[in-house]
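A look at the structure
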Amino acid sequence: MIKLRKKWIISASFALTLTACGGGGANSAQENVETPPPPPPPETIGMSGKVIDGYVSGATVWLDINGNGILDTSNEPSVISGAAGSYSFEFTQEQASCVPYATLYVDVPIGAIDEDTGEVTEAYQMSLPPTVAPLTDDDIRNISPLTSVLWQQIAEKLKGTGSLDLSCENLKQNNQLRTDLKREISDVMRNLVSHYNLSEAQIFADFIADADSKAYDIAQAIVTGLKASYVHKNKLEAQFPDSREIRVVIYQDSEKDTDFGFDKAWYRDSVIFTATGYSFEQVKLKENLSDIDIALSNLVRVDTPWGNQALSGQFSQREDAYYNTDGTYRCASFERVSFKQNGNRFELINSSDYSYSDTIESCEYDAKAPNVREHFISFKEGAKNYFAEFHFREAQAEFKSLPDWVNLKDKAEQLNATELIDHLSLLPKGWDEEVLIDTFLWRKREYDNIVQVDKDSNGDWTRATLQENNTRVYECSTDGITWETCPS
């Protein structure tokens, strides 16, 4: 429950009596000295809830302000859950301002007490995703396996968009990232409701107090994956001590079962973020939830400075491998180079076509012959920000432009950034500029701190407007003039 409290401490004044002795008699002189009261402590905001598997006491509940998934005891608040899993925070104003943008984690150690099963013998972690909405009165935040699987899926989808820095500070400053997070929360919640046939209220509720046996049974199945995830994450942290962040999710997914022809399989997604990129692995596990049965996909991205550093030259390369139901793998590579000039960013992306291999290890990646090329420009005019992206396949003439700008990894010294910038500057990037060149696809965006408008070559328009409560209203259009509520 959220309560606003002001704590005032007022010190009582006191008198100091001085007595002087002189000839002929004793004279008493009394002098009153009043000390000012100390300043009041900062206003605090309370928040409470429960840790639920069964009710769990002895678990550490903490707010991940810097977004790295690791408790920093020096500046991230934490409390220990008590009887019936109850916990309670008293946040400073600064800490409270981060609650909407920070994940709430629970570390359940060996020796904690689960009121249903007794002493915990396998450590695990649970979580509650950010809300991107301010704290409100009477707000109860329960943390359970159901909220944990919600955050796991949100984090996984954000990884796919390249949104890696989920710190409170970055979310406060980055309007686009807040929009992405809010959208992913909404999308994942909708999918979770459909997948488990539970309402949103049930996912966040105290299903023990509500005697909700269906939600309870689902939560117990999820905990099996949470415990196995925790074990594997610890192994990866020991193996990659210099990683910036490691995420592991072990879960069941009926849609994947259908896609791959499996029956009630357990899957594991692992992502390791480093100073130079990230790696992602998805596998089907054996029954012990530890050993790999089939490797399903592997993605590796490396980011490095490249070319003219006066223009912030940056190069990224990603190599992907995906499992086919016939047991083979399809392999593809992507390369990206970008520069910044006068506040504008210019970017070229080359994507290869798929090749095929019998194993992930034998995948071959050919950056010499892309099948899709993308040109991207972002800039600012007045108080608004813009970006435009243009996609080309071999059928479009622009595909053949910049012929030397392929297979870029070792070409930093021989290619001139000015050539790329000058060419991309000629594209019809302006918001009102008509796109007359032949493209496979184009998209444009105009945005400020309140309104974001997107349009594309298919004639689809979307407008997202920020409300006072930090939610967004989404509207759709076919001409940018007449707007209606977007279909769900």
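Residues numbered from 1 in each chain as written. Predicted model: local features only at pLDDT ≥ 70, side-chain atom pairs only at ≥ 80, totals over all residues. Heavy atoms only, no water.

**Quick notes on the sheet that holds strand 5 (residues 56-57)**
Overall, antiparallel pairing links the three strands, which are arranged 5-10-11 in an open sheet. Strand pairing shows two members of the sheet lacking a second neighbour, strand 5 and strand 11 (118-119), which therefore form its edges. Bridge count for strand 5 against strand 10 (residues 113-114) is two bridges, and the pairing is antiparallel. Residue pairing in the sheet places Ser57 in a bridge with Ile113 of strand 10. (Pairing = 2+ DSSP bridges. Helix = DSSP H or I, 4+ residues; strand = E, 2+ residues; numbered from the N terminus.)

**A closer look at the sheet that holds strand 9 (residues 103-108)**
Spatial strand order, 7-6-9-12: four strands in an open sheet with antiparallel pairing. Two strands lie at the open edges of the sheet, namely strand 7 (78-80) and strand 12 (124-128), each paired on one side alone. Neighbour to neighbour, the strand axes of the sheet diverge by 20 degrees on average, direction disregarded. With five bridges connecting them, strand 6 (residues 60-64) and strand 9 associate as antiparallel partners. Its bridge partner lying in strand 9, Leu63 is registered against Leu104. (Axes fitted to C-alpha atoms, helices over the stretch in contact; angles between N-to-C directions.)

**Let's talk about the nonpolar core**
Ranked by size, the top nonpolar core spans 57 residues in total, and within it Val61, Tyr87, Leu104, Val108 and Leu146 carry the most contacts. Not counting the four nearest positions on each side in its chain, Leu104 is found in contact with Met47, Val61, Trp62, Leu63, Tyr87, Phe89, Met126, Ser127, Leu128 and Ile143. In this structure, Phe339, Phe399, Leu415 and Leu427 belong to the second largest nonpolar core, which totals 30 residues. (Core = buried A, V, L, I, M, F, W, Y, C linked by side-chain atoms within 4.5 Å. Buried < 20%, exposed > 50% of the residue type's maximum accessible area, 1.4 Å probe, protein only. Contact = heavy atoms within 4.5 Å.)

**Regarding the pairing of strand 16 (residues 292-305)**
One ladder, built from nine bridges, connects strand 15 (residues 277-285) with strand 16; its direction is antiparallel. When the sheet's bridge partners are listed, Gln282 is paired in strand 16 with Ser297. Hairpin connection, strand 15 to strand 16: the antiparallel pair is bridged by six residues, and Leu289 has positive phi, about 60 degrees. For strand 16 and strand 17 (residues 314-323), the ladder comprises nine bridges, and the chain directions are antiparallel. What sits directly across from Leu299, in strand 17, is Asp320.

**Some details on the state of the cysteines**
Scanning the model with the defined rule gives three disulfides in all. The disulfide partner of Cys98 is Cys168, and the S-S distance across this bridge is 2.0 Å. In this structure the cystine formed by Cys98 and Cys168 twists about its S-S bond by roughly -85 degrees; its chirality is therefore left-handed. Here Cys98, found in helix 1 (residues 93-98), pairs with Cys168, found in helix 3 (residues 168-173); they are 70 residues apart in sequence, far enough to count as distant. This pair shows no difference in class: Cys98 is buried, exactly as Cys168 is. (Disulfide = S-S within 2.5 Å.)

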